[in-house]
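Architecture and fold: a report
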Amino acid sequence: MVTQHAKVSLMTGNLVIQTDTDRLHVPVRDVGVLLFQTLQTVITAPAIIALAEKQAKIIFTGQNGQPICTTSGDYTKAQSMVTVGKQVTWNPQRIQKLWTRIVASKIQNQIQVVRFIGQDTKDLDQEFKQLELNDVTNREAVIARKYFPLVFGPDFSRTDLDPINAALNYGYALLLAAIDQAISTRGYLTCWGIHHSRTDNANNLGSDLMEPFRPVIDQWVSQQKMRDFTPDIKYGLVELLDVELTFNDQKTILRNAIPKYVDQCLNYLDQTSQKIRIEVDLPSEVSSHAINGSV
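Residues numbered from 1 in each chain as written. Predicted model: local features only at pLDDT ≥ 70, side-chain atom pairs only at ≥ 80, totals over all residues. Heavy atoms only, no water.

This next bit is on the confidence of the model for the chain. In low-pLDDT segments, the atomic positions of the prediction should not be examined closely. When pLDDT is averaged along the chain, the result is 89; 93% of the residues meet or exceed 70. Segment residues 287-295: pLDDT under 50, and 20 contacts once partners within four positions in sequence are set aside and those in other chains are kept. (pLDDT = per-residue confidence, 0-100. Contact = heavy atoms within 4.5 Å.)

Ordered in space as β4-β6-β7, the three strands form an open sheet in which the pairing is mixed. Taken across any chain shown, the strands that pair with only one partner, and hence form the sheet edges, are β4 (33-36) and β7 (67-70). Put simply, the sheet's adjacent strands are angled 25° from each other on average, direction ignored. Relative to β7, strand β6 (residues 57-61) runs antiparallel, the two being bridged by three bridges. (Pairing = 2+ DSSP bridges. Helix = DSSP H or I, 4+ residues; strand = E, 2+ residues; numbered from the N terminus. Axes fitted to C-alpha atoms, helices over the stretch in contact; angles between N-to-C directions.)

In this structure, Asp-135 is a non-glycine residue whose phi angle is positive, near 50°. Its location among the elements puts Asp-135 in the loop between α4 (122-128) and α5 (139-152). Of note, Asp-249 is a non-glycine position whose phi angle comes to about 75°, a positive value. Checked against the element boundaries, Asp-249 lands in the loop between β8 (244-247) and β9 (250-253). On the basis of relative accessibility, which here comes to 55%, the residue Asp-249 falls in the exposed class. (Buried < 20%, exposed > 50% of the residue type's maximum accessible area, 1.4 Å probe, protein only.)

Our next topic: helix α10 (residues 254-269). The end-to-end C-alpha separation of α10 is 22 Å, in line with the 22 Å expected for 16 residues at 1.5 Å each. Looking at α10, one finds that the buried residues are Leu-254, Ala-257, Ile-258, Tyr-261, Val-262, Cys-265, Leu-266, Tyr-268 and Leu-269. The buried side chains of α10 occupy one side of the element, clustering within an arc of 160° when seen end-on. (Expected span 1.5 Å × (residues − 1). Arc of directions from axis to C-beta.)

Neighbouring strands of a sheet are bound in pairs by backbone hydrogen bonds; such pairs are parallel or else antiparallel. An order of β9-β8-β10 is seen for the three strands of this open sheet, with the pairing classed as antiparallel. On the outer flanks of this sheet lie β9 and β10 (280-281), each paired with one strand and no other. The pairing of β8 with β9 spans four bridges and is antiparallel. Residue pairing for β9: Glu-244 is matched across the bridge by Ile-253. Where α10 meets the sheet, it contacts β8 and β9, and its direction lies at approximately 115° from that of β9.

Below you can see the structure in the form of structure tokens.
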């Protein structure tokens, strides 16, 4: 994360980050996401190209501090007509089964969050039992309308312009970037989704696959006593990529769980695996910890 006046350039496989007081060197291979949290920065074309070749995402924030632009490479070494051909002809039955599993995992994790903060989950449990193939009755939306007021208060709305929504949107944007990176690394198109299908959305598939992990963001934000969307909140959301959780019975961190999860989903859609399992156990208290990732 770059938060102050700086120039980012490339030298012998390293990003060189020159600030007013420091000169830092970071190997390009170690960068998954480069986030510019200030308008007072410059990045050179060689640095952008080197990051794109490694499928690293560059995120720029706007005047309001919210992510406004994310880079997306046009081609990857893994991308081919064979890969894209598979994607646009995915089996409809597999798509429906995967979307059902994704929605189920998301709802289960939302119920975890509500339970962790001490609220009654009976209503959500009942709605979850009504989930059908491909979520034809849209339980995802029905539960969302009940879930957010339980977590953030009865007067809360996702359409409000407040610090909580700012933090949620910021966290979701970072999560989407990590999911998109894993998709692109495999050579698939992020715009071709299995449920989201907006023609103006370059991240339809990422928007689909990120759903089970959204509650990680929700839970962390719910634990913060926010009066404003401060830099510390932004740092905490960035560091959530290193939060510990359990994915399919294996303890790991979020940034390592994401590519494994994306691989499972894509392998299932490509019919190279016959089953799909998405089980995410959140820790009872999601707390991000300090890492040396900001400038």
